[in-house]
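Report on the structure
Below, each chain spelled out in residue letters.
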Amino acid sequence: MSFGSSVTEMRALHISLRLYFALAFPFLLLASGARLLLSEPFLKIEYQRPGFPADAYGFTLEDRLAYGPYAVNFLFSGESLDELASLRLPAEKCWTPTIGEDGCALFGERELRHMADVKATTRAAFGLAALCALIGFGAASASWRGDRLRSEIVAGLRLGCRLTLWSVACLAVLSLAAWDRAFEAFHALFFAAGSWRFPFTDSLIRLYPERLFLDAALLIALFASSCALATLFMLGRRGANWKPWRALLP
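Below, the structure is looked at part by part. Every chain is numbered independently, its residues counted from 1 as its sequence is written. Under the rules for a predicted model, residues below a pLDDT of 70 receive no local features and side-chain atom pairs below 80 are neither given nor counted, while totals for whole chains, interfaces and linings still include all residues. Calculated side-chain values reflect all of the structure's heavy atoms, with hydrogen atoms and water omitted.

Axis lines are fitted through C-alpha atoms, for helices just across the contact stretch, and the angle between N-to-C directions can take any value from 0 to 180 degrees. To qualify as a helix, a DSSP run of H or I must reach at least 4 residues; to qualify as a strand, a run of E must reach at least 2; elements of each kind are numbered from the N terminus. Between helix 2 (residues 40-48) and helix 3 (residues 61-75), the shortest axis-to-axis distance is 9 Å and the interhelical angle comes to 150°. Relative to helix 3, the element helix 2 is oriented roughly antiparallel. Viewed along their axes, helix 2 and helix 3 form a crossing whose handedness is right-handed. Between helix 2 and helix 3, the contacting residues are E40, L43, K44, Y47 and Q48 on the first element and L61, R64, L65, G68, P69, V72 and N73 on the second. As a working rule, the residues Ala, Val, Leu, Ile, Met, Phe, Trp, Tyr, Cys and Pro are called nonpolar, Asp, Glu, Lys and Arg charged, and the rest polar, with Gly in that last group. Among the residues forming the contact of helix 2 with helix 3, the class breakdown is six nonpolar, three polar and three charged. Each angle receives one of four descriptions, namely roughly parallel if under 35 degrees, roughly antiparallel if over 145, roughly perpendicular if within 65 to 115, and oblique otherwise. For a crossing to be left-handed, the near helix must be turned anticlockwise from the far one by less than a right angle; the clockwise case is right-handed. Only heavy atoms matter for contacts: two residues are in contact if any of them lie within 4.5 Å across the pair.

Following this line, the structure appears as C-alpha cells:
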C-alpha cells in the first residue's frame, strides 16, 4: 500500500468518524427522550396534571389510568395483537354499535391495525438506535489508538450537539406555530394515508388525545436540548484529550 493511499484512507476514516457522531448523537438523544415518555409513568403524570383535557365520552381519570397503559406496554412487550384485542369495556363506556352483554372491545379493528403499525415502527426505530449506540461505543472505546481519532470523535459530538440544538429549535417553532400540520406530517411519514385517523369516540383518541402528543414532543425537545448542552459543557472542560471510559470510573 502506498503512502498516499494510506493517508487518503486515514483521512476518510477521520471524516467518517466525525460525520457518524455528528448524525448519530442527535438521533440517540431524541430516541432516548421518546423512550422515556413512551411509558406508564409519563401517562400517569399527564393524566393527573392540571389542565389535561377530560374525555367528553365518559372515561374518568381512573378509567384512563386503568386502560391507558395497555397500548403503551404493548409496544415493548412480546404480547400478540390478540391479547390487545381481547380487552373489553363495560357497556356504559362504549360508543360503538356492537355492544354485547359483556360490553365492547376496548380497541376496534382499525385501532388494532394501527397499533400493530406503531409497534413495528417503534421496534425498528429503537433497534436502529441500539445499533447506533453500540457502534458509537465501540468507536469511542477504540479511540485510545490516537489523539487524532479522539479529536475527530469530540468534534463530531460537538457538531452533533449543535445540530441537536438547531433542529430542536426549528422543530419547536414549527410545532408551536403549526402543530396540526406538523402532527399530520409526522404520521404521514410513517403510516399509510388514513390509517391513523379515528373518530373522537374511539379509545385511542379518548386515551391519547392530541394534547398528550404535544406535551411529549415538547418534553423530548427539552430532554434532547438539555443533554446536548450538558455534553457541550463536558466536552469543553475535557478538551481534545477526552477519554470516554473515564466517565465510567469513580
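Okay, helix 7 (residues 179-190) next. Taking 1.5 Å per residue as the helical rise, helix 7 with its twelve residues ought to reach 16 Å, and the 17 Å between its terminal C-alpha atoms agrees with that figure. Only protein chains enter the accessibility calculation, which uses a 1.4 Å probe. A residue is then buried if its area is under 20% of the maximum for its type, exposed if over 50%, and partly exposed in between. Within the span of helix 7, buried status applies to W179, A182, F183 and H187. Mapping the buried residues of helix 7 onto a view down its axis gives an arc of 130°, with all of them on the same face. Opposite the packed face of helix 7, turned more than 90 degrees from it, sit the exposed residues R181, A188 and L189. A helix is expected to span 1.5 Å multiplied by its residue count minus one. This arc describes the spread of directions from the helix axis toward the C-beta atoms.

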